[in-house]
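# Working through the structure, step by step
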Amino acid sequence: MTDQILVSKPMRDAQTLTRAAFEVPAGACDAHVHVFGPEARYPRVPAPHYTLPDGDLPQLRAALGVLGLERFVIVQPSFYGTDNRCMLDALDLAGDAARGVAMVEDGTSAEELAAMHARGVRALRLDLFLRSGLPTAELQRFIARSVERTRALGWHVQFYTPGWVVRDLIPFLPEIESDFVIDHMGYMLESDGLTRADFDRLLRAVHDGRGWFKLSGPYRLAKDGNYERLRPLAQAIVEAVPERVIWGSDWPHIPEGGRDTGELLNLLGDWIPDTAARRRILADNPARLFGF
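On a predicted model such as this, the values are computed, not experimentally measured, just so you know.

### Observations regarding helix α4 (residues 136–150)
Compared with the 21 Å implied by 1.5 Å per residue over 15 residues, the 22 Å span of α4 between its first and last C-alpha is a close match. For α4, the full list of buried residues reads L139, F142, I143, S146, V147 and T150. Looking straight down α4, one finds that the buried residues subtend no more than 135° of arc, so they occupy a single side. Tucked inside the fold, the buried residues of α4 contact β4 (121–127), β5 (156–160) and α5 (163–169).

Structural data, given as structure tokens:
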């Protein structure tokens, strides 16, 4: 993570998005989006990593409608920290088409979590970027506490984490006593010293436990735009855990609001040419994980 504040660019008009080059299945879900609202109503954290993005619920619905995606999962962004009001209000408006992933304080009560569940939240996002300086054993205890406090609700946990932290957690992952999701295909950047051998070890750990992978954020992994080199990683993920893979656009693509979400959806068609496999990734798997 850099200390430089990123300037969020205006959102691309939904009608200019590239259409899907394959038949999008009924019930298809974008399992990783963020929603933002007016700062006067939803205050940001004191030191956000980026300026307020252009990306409200009507804009999101317009983009997903053009792409034929009927469902979506709103992931709490770091911009709001553990103040989940913007995400929860969006869930209220979206109804059964949406689910949420919250970030909470350690002191959040069981009653507060149950109230979030009633509004559509189904997971906790664990920001391990924020905790990346902690010893691995302390991170393991934090994950275990998060799993325990949500066990009664049947939630899973999502890891927002640098790849080198994922690598250090690999021996622990099969022991996690709930479903867990690794965002952005593991976020194993070569620039951080991660290797294909590290990725293969992660695949085995996820397979041996209750882990899921999210095919998301390709532009965060291939910063040069060479998405072709991500194809073997995506295909290895789907081969390893075909019933535990979901897809997310990472809309509104902070800070690049003008990015073409349709191009990202078509990457999935290119990487995973099998129609049945794509249906699992886009519809069946997220329906099971999020209770659609």
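Now that the structure has been shown, we can carry on.
### Points about the packing of aromatic side chains
For the coordinates displayed, the defined rule picks out eleven aromatic pairs. Geometrically, the ring pair formed by F36 and F79 is edge-to-face, given 5.8 Å between the ring centres and 80° between the ring planes. Of this pair, F36 sits in the loop between β1 (29–33) and α1 (57–67) while F79 sits in the loop between β2 (71–75) and α2 (85–94), and the two are 43 residues apart along the sequence. Residue F36 is classed as buried on the basis of its relative accessible area of 3%. Residues F36 and Y80 carry aromatic rings whose centres are separated by 5.8 Å and whose planes lie at 40° to one another, so their mutual orientation is tilted.

### Some details on the nonpolar core
Formed by 90 residues in total, the largest nonpolar core has its most connected members in F72, L128, I143, F159 and L215. Once you skip the residues sitting within four places of it in the chain, F72 turns out to touch C29, D30, V33, L57, L60, L64, A94, A97, A98, R99 and F292.

### Topic: the packing of helix α6 (residues 196–208) against helix α8 (residues 231–240)
For any two helices packed against each other, the geometry is given by the interaxial angle and the distance between the axes. Contact pair α6 / α8: the axes reach a minimum separation of 10 Å and the direction vectors enclose 20°. When the interaxial angle is binned, α6 and α8 end up roughly parallel. As for how α6 packs across α8, the hand of that crossing is right-handed. Together, R196, F199, L203 and H207 of α6 and P232, L233, A236, I237 and A240 of α8 make up the contact between the two elements. Considered class by class, the residues forming the contact of α6 with α8 number seven nonpolar, one polar and one charged.

### Here's the deal with the state of the cysteines
Counting across every chain of the model gives zero disulfides. For C29, which is in no disulfide, the shortest distance to another cysteine sulfur is to C86 and amounts to 18 Å. Classification of C29 by relative accessible area gives buried; the value is 1%.

### A look at the side chain of T150
Position of T150 relative to the elements: it lies in helix α4. On the accessibility criterion, T150 (1% relative accessible area) is buried. Excluding residues that lie within four positions of it along the chain, T150 makes contacts with L124 and W155.

### A look at α6
For α6, which comprises 13 residues, the first-to-last C-alpha distance of 18 Å matches the rise-based estimate of 18 Å (1.5 Å per residue) to within 8%. Those residues of α6 that fall on the buried side of the exposure criterion are D198, F199, L202, L203, A205 and V206. Buried residues along α6 sit against α5, β6 (180–182), β7 (211–215) and α8.

### A word on unusual backbone geometry
Here the residue pair W251 and P252 is connected by a cis peptide bond, since its omega of 5° sits within 30 degrees of zero. With respect to the secondary-structure elements, P252 resides in the loop between β8 (245–247) and α9 (261–271). Following I254, the chain continues to P255 via a peptide bond in cis, the omega torsion being 0°. Relative to the elements of secondary structure, P255 occurs in the loop between β8 and α9. Look at H184: it is not a glycine, yet its phi comes out positive at around 55°. In this structure, H184 sits in the loop between β6 and α6.

Cut-offs used in this document
- Residues numbered from 1 in each chain as written.
- Predicted model: local features only at pLDDT ≥ 70, side-chain atom pairs only at ≥ 80, totals over all residues.
- Heavy atoms only, no water.
- Helix = DSSP H or I, 4+ residues; strand = E, 2+ residues; numbered from the N terminus.
- Expected span 1.5 Å × (residues − 1).
- Buried < 20%, exposed > 50% of the residue type's maximum accessible area, 1.4 Å probe, protein only.
- Arc of directions from axis to C-beta.
- Contact = heavy atoms within 4.5 Å.
- Phe/Tyr/Trp six-rings, centres within 6.5 Å; stacked < 30°, edge-to-face > 60°.
- Core = buried A, V, L, I, M, F, W, Y, C linked by side-chain atoms within 4.5 Å.
- Axes fitted to C-alpha atoms, helices over the stretch in contact; angles between N-to-C directions.
- Parallel < 35°, antiparallel > 145°, perpendicular 65-115°, else oblique.
- Left-handed = near helix turned anticlockwise from the far one by under 90°.
- Nonpolar A, V, L, I, M, F, W, Y, C, P; charged D, E, K, R; others polar.
- Disulfide = S-S within 2.5 Å.

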